Structure formats: C-alpha cells, structure tokens
Amino acid sequence: LKTYNSDGTKTSYLGTSLNGGGLLSVENGGVIGTYNSDGKQTTSLGTGGSGGGNLKTYNKYEKMIGYLGTSKEQDGMILLTDTYGGPGWSKRAKQ
C-alpha cells in the first residue's frame, strides 16, 4: 500500500521489505505519531530539521518531555524536561 501527496510524491508505504519482513515507511518529512484516548499526542517518530531521526514523547498536557535523536551537529542527543516542558537534563554525545 502506497500513498502520495497532491504533487505525486510518495509519502508512505506499508508492505514487505527486501528481506521479506514487514515494513512501514513514512517519507517526505512525515512522522509516525501515537495519541491517547483523549486525542492528545503522546509520541512522534520522524526526521528532524537537521535531517536526522528523532523520537519525541509528550505528557498528557501535550508538552514534549523527552527527546532522543540527532543534534544539529549530527551527534546523538537526549533531552528530558519537567512537566511543563521547562529545562531539565540533556546530554550530547560529542567527543
């Protein structure tokens, strides 16, 4: 199953990978999101502005409280915030 945007660019694929396993692909800047029973987003998996991948988690107040992904400098990084999205703890894997 493939989907395309109005410009004819492929945006997603659900099917079989080259090695015979299942594959879900979201392309062209798209994300995979999950939502709670109130319709509020709880996670986001996609590509960030720097071109690297990221996973974001949100609390029930719709504040991003966790980030695991790629920094602007293309290093790995993790970020945790408080309940309201305020400063918390972060670490970048810079040698």
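Small disclaimer: the values here were computed from a predicted structure and weren't measured.

Rules of the game
Residues numbered from 1 in each chain as written. Predicted model: local features only at pLDDT ≥ 70, side-chain atom pairs only at ≥ 80, totals over all residues. Heavy atoms only, no water. Pairing = 2+ DSSP bridges. Helix = DSSP H or I, 4+ residues; strand = E, 2+ residues; numbered from the N terminus. Axes fitted to C-alpha atoms, helices over the stretch in contact; angles between N-to-C directions. Polar contact = N/O pair within 3.5 Å; in protein donor to acceptor, adjacent residues only side chain to side chain. Contact = heavy atoms within 4.5 Å.

## Some thoughts on the sheet that holds strand β7 (residues 64-70)
Taken in spatial order, the six strands make up an open sheet running β4-β5-β6-β7-β8-β9, and their pairing is antiparallel. The open sheet has two edge strands with one neighbour each: β4 (31-35) and β9 (89-92). Adjacent strand axes in the sheet meet at a mean angle of 5°, parallel and antiparallel pairs treated alike. Bridge analysis of strand β8 (residues 76-80) against β9 gives four bridges, and the strand direction is antiparallel. Among the inter-strand pairings, Leu80 is bridged to a residue of β9, identified as Trp89.

## Things to note about the side chain of Ser12
Mapped onto the elements, Ser12 comes out in strand β2 (residues 10-16). Among the polar contacts listed, one links the side chain of Ser12 to the side chain of Thr3, at a separation of 2.3 Å. When sequence neighbours within four positions are dropped, the list of residues in contact with Ser12 reads Leu1, Lys2, Thr3, Ser25 and Val26.

## Digging into the sheet that holds β2
Strands sit in the order β1-β2-β3 across an open sheet of three strands; the sheet is antiparallel. Two strands in the sheet have a free side with no partner beyond their single neighbour: β1 (2-4) and β3 (22-26). Strand-to-strand twist across the sheet, computed as the mean angle between neighbouring axes with direction ignored, equals 5°. Judged from the five bridges that link them, β2 and β3 form a sheet pairing that is antiparallel. Bridged to Leu14 within β3 is Leu24.

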